[in-house]
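Spelled out from the first residue to the last, the chains are:
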Amino acid sequence: MNQQISVFASGTGSNFDAMMQDEKIADSIVLLVCDKPGAAVVAKAEKFGVATLVLDPKSYPTKQEYEKVIYEKLQALEVEWIFLAGYMRLIGETLLSHYEGRIINIHPSNLPDFPGKDAIGQAYRAGVSETGVTVHYVDEGMDTGPIIAQEQIEMIPDETEEQLKTRIQAVEHRLYPNVIKQLTQNVTEEL
Ligand code: GAR
């Protein structure tokens, strides 16, 4: 049986959408967790008939209590893996302790370069000759943790930041589903 997956996202949800295009992954996704009520990714999940848990962290006194609500839902649905797809919040001790080695993140740069927000803009403005996409295990840091897969993307002279973003996201939408299948279904495809 496929191992059950929850996707955590805060924004547009193009990576969530890419996962849902893959039948094997789509069958395993049992919950979308979103920390931004009204984010476009929530409507995407509803369209696909994926259950959603939408929370406003500000309405919880502590991060621990916020994550406890998420953890209880994950347990109820027997979720085994958490994939962050543009979830712009650090994972705390409550989830890390229960899902050690089973929380994965994708980040649009060659980590350890350009962690945090707006990684594409950071790399673009820095004038580096290449950037990339990284998939990694999550620890308590911001976009830190052991790297699982990384793909380099060369900068193209005179390209706009928007064009670069389109190319980076195309890589994300191919790389992340492949890693997810390798980790959760023992499917070996070239990354
Ligand atoms: C993606 O590019 C993802 O790599 C990035 O947020 C974007 C979400 O896009 N994540 C981070 O920057 C994590 N630090 P999406 O909502 O269209 O999938």
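These figures come from a predicted structure and were not determined experimentally. (Residues numbered from 1 in each chain as written. Predicted model: local features only at pLDDT ≥ 70, side-chain atom pairs only at ≥ 80, totals over all residues. Heavy atoms only, no water.)

**A short note on the sheet that holds strand β4 (residues 81-84)**
Piece 1. The sheet built from seven strands is open, its strands ordered β3-β2-β1-β4-β5-β6-β7 with mixed pairing. A single partner strand is all that each edge strand has here, and the edge strands are β3 (52-54) and β7 (147-154). Taken pair by pair, the neighbouring strands of this sheet meet at an average axis angle of 15°, ignoring direction.
Piece 2. Relative to strand β5 (residues 103-107), β4 is paired through three bridges, and the arrangement is parallel. Across the sheet, the residue bridging to F83 is I104, located in β5.
Piece 3. Contacts between helix α3 (residues 40-48) and the sheet are confined to β1 (5-9), β2 (29-34) and β3, with β2 contributing the most and set at about 160° to the helix. (Pairing = 2+ DSSP bridges. Helix = DSSP H or I, 4+ residues; strand = E, 2+ residues; numbered from the N terminus. Axes fitted to C-alpha atoms, helices over the stretch in contact; angles between N-to-C directions. Contact = heavy atoms within 4.5 Å.)

**What about the layout of surface pockets?**
Piece 1. Volume-wise, the largest pocket comes out at about 840 Å³.
Piece 2. Every residue lining the largest pocket is counted, 36 residues in all, and those nearest its centre are G86, Y87, M88, I106 and P108.
Piece 3. Per element, the largest residue contribution to the lining of the largest pocket is five residues, and it comes from helix α7 (residues 161-185). (1 Å grid on protein atoms, 1.4 Å probe; cavity = no way out; pocket = protein on both sides within 12 Å on 5 of 7 lines; lining within 4 Å. Points joined across faces, edges and corners; volume = space filled by probe spheres on them.)

**Quick notes on the nonpolar core**
Piece 1. In terms of nonpolar packing, the biggest core is built from 38 residues, with F16, M19, I29, L32, F83 and Y176 touching the most fellow members.
Piece 2. Per-element tally for this core: the top contributor is α7, with eight residues.
Piece 3. When residues no more than four places from it in sequence are discounted, the contact partners of F16 are V7, I29, L32, V41, K44, A45, F48 and V50.
Piece 4. Ranked by size, the runner-up nonpolar core spans 19 residues in total, among them L53, L55, Y87 and V138. (Core = buried A, V, L, I, M, F, W, Y, C linked by side-chain atoms within 4.5 Å. Buried < 20%, exposed > 50% of the residue type's maximum accessible area, 1.4 Å probe, protein only.)

**As for the site of the ligand**
Piece 1. Near the ligand there are 13 residues, and of these G13, S14, N15, H107 and E172 occur at the shortest range.
Piece 2. In this structure, a nitrogen atom belonging to the ligand sits 3.0 Å away from a side-chain N or O atom of H107.
Piece 3. Taking 450 Å² as the accessible area of the ligand by itself, protein coverage stands at 89%.
Piece 4. Counting residues per element, the ones that place at least two in the shell around the ligand are α1 (14-20), β5 and α7.
Piece 5. Considering only residue class, the shell around the ligand consists of three nonpolar, eight polar and two charged. (Near = heavy atom within 4 Å. Polar contact = N/O pair within 3.5 Å; in protein donor to acceptor, adjacent residues only side chain to side chain. Areas by Shrake-Rupley, 256 points an atom, 1.4 Å probe, with all protein chains shown as cover. Nonpolar A, V, L, I, M, F, W, Y, C, P; charged D, E, K, R; others polar.)

**A look at unusual backbone geometry**
If a residue is not glycine, its phi is most likely negative; likewise, a peptide bond is most likely trans.
Piece 1. In this structure, the amide linkage connecting L111 to the following residue, P112, adopts the cis form with an omega of 15°.
Piece 2. Tracing the backbone through its elements, the reader meets P112 in the loop between β5 and α6 (119-126).

**A few points about the environment of L183**
Piece 1. For L183, the location among the structural elements is in helix α7.
Piece 2. In sequence terms L183 and A9 are 174 residues apart; their C-alpha atoms lie 19 Å from each other.

**Quick word on the packing of aromatic side chains**
Piece 1. Overall, the coordinates contain six aromatic pairs when judged by the stated rule.
Piece 2. The interplanar angle of 80° and the centroid separation of 5.9 Å between the aromatic rings of F83 and Y176 together place this pair among those described as edge-to-face. Of the two residues, F83 is situated in strand β4 and Y176 in helix α7; the sequence distance between them amounts to 93 residues.
Piece 3. Among the aromatic side chains, those forming a connected cluster through ring pairs are W81, F83 and Y176.
Piece 4. Lying across the ring of F48, K47 places its NZ or CZ 4.7 Å from the centre.
Piece 5. Sitting above the plane of the Y66 ring, R89 keeps its charged end 5.9 Å from the centroid. (Phe/Tyr/Trp six-rings, centres within 6.5 Å; stacked < 30°, edge-to-face > 60°. Lys NZ or Arg CZ within 6 Å of the ring centre and 35° of its normal.)

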